[in-house]
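Next come the chains, spelled out residue by residue.
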Amino acid sequence: MQNFNSLDLHPVILGALEKKGYITPTPIQAQAIPHLMEGKDLLGIAQTGTGKTAAFSLPIINRLAKNKVKPRPARMRCLILTPTRELASQIEQSVKEYGKGLALKTLVVFGGVPSKPQIQTMAKGVDVLVATPGRLLDLMAEGHILFNQLEVFVLDEADRMLDMGFINDIKKVVAKLPKNKQTLLFSATMPKDIATLAGKMLNNPVRVEVTPESTTVEKIEQKVNLVEKANKPLLLKSILKDKEIKSVLVFTRTKYGADRVVRHLERENILAAAIHGNKSQAAREAALCTFKRGRLRVLVATDIAARGIDIPHVSHIINYDIPSDPKSYVHRIGRTARAGREGIAISFCDSSEETALKNVEKCIKSQIEVDTTHAYHGVAPQMVRLPPLGAQDGTNKKNPYQNRNRKRISKTPRHKRRGNSERK
Ligand code: AMP
């Protein structure tokens, strides 16, 4: 298949795709759309960044538009379940854009915001409901949601749902759904629990796999910067000095850590904002929106807040710390190099993170190149690794900053050191 025109999609959808500048379907779209148009169930093994939202949204919109039925009160014709608020908003936005001009009613429901407007819209019935599990169950329990007009059910990011402890919530929702429907399940990886769930939910599904389990997007240039923990703020500042770096997503392990990075950057007059679970939904959306529009250069996020979010122009990912769950590394760096672009992922690794780094490398099945040229290179002796191939001429020794920094760390009292506030 060469372009979208060869698919039997509604002309209005083709127009919307053209407007968005989509010419060629991505591999998951090319493989999944024809089966989905035939009404088949689907097991999609794909990460975000592969175009999976359009892969499931386009055939759904097509189906709903070709056979228009008025949704009855409290009912929806399609339910899309996804783990985070950001993903839910993003999916609803995509459905709206792809289906613009088809007068489909869409609604997104998630927690952390008042439920009244959600209930009011639901009372009239919608074509597509995008939801996170918690708020959906609340609305179901209160009788605001009924499933007897459901035609298509999508379970998105199933492995994330499992990681986030939503598996029982999902089972509760699935138990209420009608038997006769089309079901799609997407997951980046296929742990045993998800495979079992898929076996129960899907009826003779087509299996489409676009990225092998736990491999990293090839277009991302990955580097690891070995650095003393106290020097991480300085290293971040020195990287951000490069004005060519226009859009950076910084990941921290904790919410507190994210706030500290933002405070540090603000002290350096670098505009930054954080998104994490302790921020209000409005603050998260505002930060994300400003970042997406290119008005905020640095967004600092925790893993959960940034899961699956789609910001096409992110050129650099900085792992301010190495995630303890190696799968998070893959998800983190997958926020760049989206839709055919290239990206750079830099991971800061101090001596306490050696095991976490090794686990990441085991997970991605390759060793990440060590950048020995940055100004703060230097960590405990056991961390000094062989320089990557092509840099075996002892680049370490030539680094004029390495020893200077070490000395400074040992002689200056802690409270007087700059960047000390970044310590955990
Ligand atoms: P997703 O994996 O659904 O989060 O999509 C990743 C990104 O790819 C989004 O920014 C989409 O807008 C973009 N995208 C999806 N399909 C295509 C396509 N066929 N051509 C170009 N960009 C696309």
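Our subject in this report is the structure included herewith. (Residues numbered from 1 in each chain as written. Predicted model: local features only at pLDDT ≥ 70, side-chain atom pairs only at ≥ 80, totals over all residues. Heavy atoms only, no water.)

As a further point, take the packing of aromatic side chains. For the coordinates displayed, the defined rule picks out three aromatic pairs. With centroids separated by 5.3 Å and ring planes inclined at 45°, the aromatic side chains of Phe 56 and Phe 186 adopt a geometry described as tilted. In this pair, Phe 56 sits in helix H3 (residues 52–66) while Phe 186 sits in strand E6 (residues 182–187), placing the two residues 130 residues apart along the sequence. Of the two residues, Phe 56 and Phe 186, neither departs from the other in class, the shared state being buried. Cation over ring: Lys 232 sits above Tyr 320, and NZ or CZ is 5.9 Å from the ring centre. (Phe/Tyr/Trp six-rings, centres within 6.5 Å; stacked < 30°, edge-to-face > 60°. Helix = DSSP H or I, 4+ residues; strand = E, 2+ residues; numbered from the N terminus. Buried < 20%, exposed > 50% of the residue type's maximum accessible area, 1.4 Å probe, protein only. Lys NZ or Arg CZ within 6 Å of the ring centre and 35° of its normal.)

Our next topic: the environment of Leu 357. As for its placement among the helices and strands, Leu 357 is situated in helix H15 (residues 354–364). Look at Leu 357 and you get buried, because its relative accessible area is 3%. Counting along the chain gives 28 residues from Leu 357 to Tyr 329, while the straight-line C-alpha distance between them is 9.6 Å.

A separate point is the layout of surface pockets. Quantified by volume, the second largest pocket comes out at close to 250 Å³. Taken together, Phe 153, Lys 171, Val 174, Ala 175, Leu 177, Pro 178, Lys 179, Lys 181, Thr 183, Leu 197, Lys 200 and Met 201 make up the full set of residues lining the second largest pocket. Mapped onto the lining of the second largest pocket, the elements with two or more residues apiece are helix H8 (167–176) and helix H9 (192–201). Here the lining of the second largest pocket is built from residues that sort into seven nonpolar, one polar and four charged. (1 Å grid on protein atoms, 1.4 Å probe; cavity = no way out; pocket = protein on both sides within 12 Å on 5 of 7 lines; lining within 4 Å. Points joined across faces, edges and corners; volume = space filled by probe spheres on them. Nonpolar A, V, L, I, M, F, W, Y, C, P; charged D, E, K, R; others polar.)

If you check the shell around the ligand, you find 16 residues, and the closest are Tyr 22, Gln 29, Gly 49, Thr 53 and Asp 310. Note that a nitrogen atom of the ligand is positioned 2.8 Å from one of the side-chain N or O atoms of Gln 29. Take Thr 53: an N or O atom from its side chain is 2.6 Å from an oxygen atom of the ligand. Isolated, the ligand exposes 500 Å² of accessible area, and the fraction of that covered by the protein chains is 86%. The class makeup of the residues in the shell around the ligand is five nonpolar, eight polar and three charged. (Near = heavy atom within 4 Å. Polar contact = N/O pair within 3.5 Å; in protein donor to acceptor, adjacent residues only side chain to side chain. Areas by Shrake-Rupley, 256 points an atom, 1.4 Å probe, with all protein chains shown as cover.)

With that settled, consider helix H11 (residues 255–267). In this model, H11 (13 residues) spans 19 Å end to end at C-alpha, consistent with the 18 Å of a helix rising 1.5 Å per residue. Buried within H11 we find Gly 257, Ala 258, Asp 259, Arg 260, Val 261, Val 262, His 264 and Leu 265. Against the buried residues of H11 lie helix H10 (232–240), strand E9 (248–252), strand E10 (272–275) and strand E11 (298–302). In the segment just after H11, Asn 269 is the residue with positive phi, at about 60°. (Expected span 1.5 Å × (residues − 1). Contact = heavy atoms within 4.5 Å.)

All right, on to unusual backbone geometry then. Positioned with a positive phi, Ala 74 is a non-glycine residue whose angle comes to about 70°. With respect to the helices and strands, Ala 74 occurs in the loop between H3 and strand E2 (76–81). Its identity is not glycine, yet Lys 365 carries a phi of approximately 60°, on the positive side. With respect to the helices and strands, Lys 365 occurs in the loop between H15 and strand E14 (369–370).

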